[in-house]
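Topology and contacts: notes
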Amino acid sequence: MRFLVRVVVNAFAIWVVTLMPVLEVSVRPFPPGGDLQLVITLLGIALIFALVNTIIGTVIKIIAFPLYILTLGLIGLIINGFLLWLTAWITHFFGWGLEVNSFWWGIVAAIVISIINWIFSIILRPQRKAAAGR
């Protein structure tokens, strides 16, 4: 269930990023390109992004662990931008998906997506139950 929530939140975050024209990130929906196709495309992109983040991102973060220490975690920004760019590259082959026109703006877009995910993780975090006997 958490994975599905993560995909929906990622879809929302990607949609928000596409609304910012300065970031040069856009979505090419399924044909014929109506609202329903846009939502399905965003969910598909978010699913691929979550899988890329989970599988490839974990491997890269393990390998780049010394760089995390050396750069005090700033390498994570570039890795997240790379994972977003990789998602755009993968979806390009399907004829629909994410388009990232500039790698550096892709890094900024990945930062915005991370901030939105962080906010939603705070909102959707399960509340701890009060200790018994209080």
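Here's a quick rundown of the structure.

**With respect to the packing of aromatic side chains**
Evaluation of the coordinates by the stated rule reveals seven aromatic pairs. Ring geometry for Phe 103 and Trp 104: centres 5.4 Å apart, planes at 75°, overall edge-to-face. Three or more aromatic residues joined by ring pairs make a cluster, and in this case those are Phe 12, Trp 15 and Phe 120.

**Focus: the side chain of Thr 91**
Looking at the element boundaries, Thr 91 is found in helix α4 (residues 75-92). The buried category is assigned to Thr 91, whose relative accessible area is 0%. Among the polar contacts listed, one links the side chain of Thr 91 to the backbone oxygen of Ala 88, at a separation of 3.1 Å.

**A look at helix α5 (residues 103-124)**
The terminal C-alpha atoms of α5, which comprises 22 residues, lie 31 Å apart, in line with the 32 Å expected from a rise of 1.5 Å per residue. Turning to α5, its buried residues number three or more, namely Gly 106, Ile 107, Ala 109, Ala 110, Val 112, Ile 113 and Ile 116. Of the surrounding elements, those touching the buried residues of α5 are α1 (2-18), β1 (25-28), α2 (35-63), α4 and β2 (97-100).

Analysis parameters
Residues numbered from 1 in each chain as written. Predicted model: local features only at pLDDT ≥ 70, side-chain atom pairs only at ≥ 80, totals over all residues. Heavy atoms only, no water. Phe/Tyr/Trp six-rings, centres within 6.5 Å; stacked < 30°, edge-to-face > 60°. Helix = DSSP H or I, 4+ residues; strand = E, 2+ residues; numbered from the N terminus. Buried < 20%, exposed > 50% of the residue type's maximum accessible area, 1.4 Å probe, protein only. Polar contact = N/O pair within 3.5 Å; in protein donor to acceptor, adjacent residues only side chain to side chain. Expected span 1.5 Å × (residues − 1). Contact = heavy atoms within 4.5 Å.

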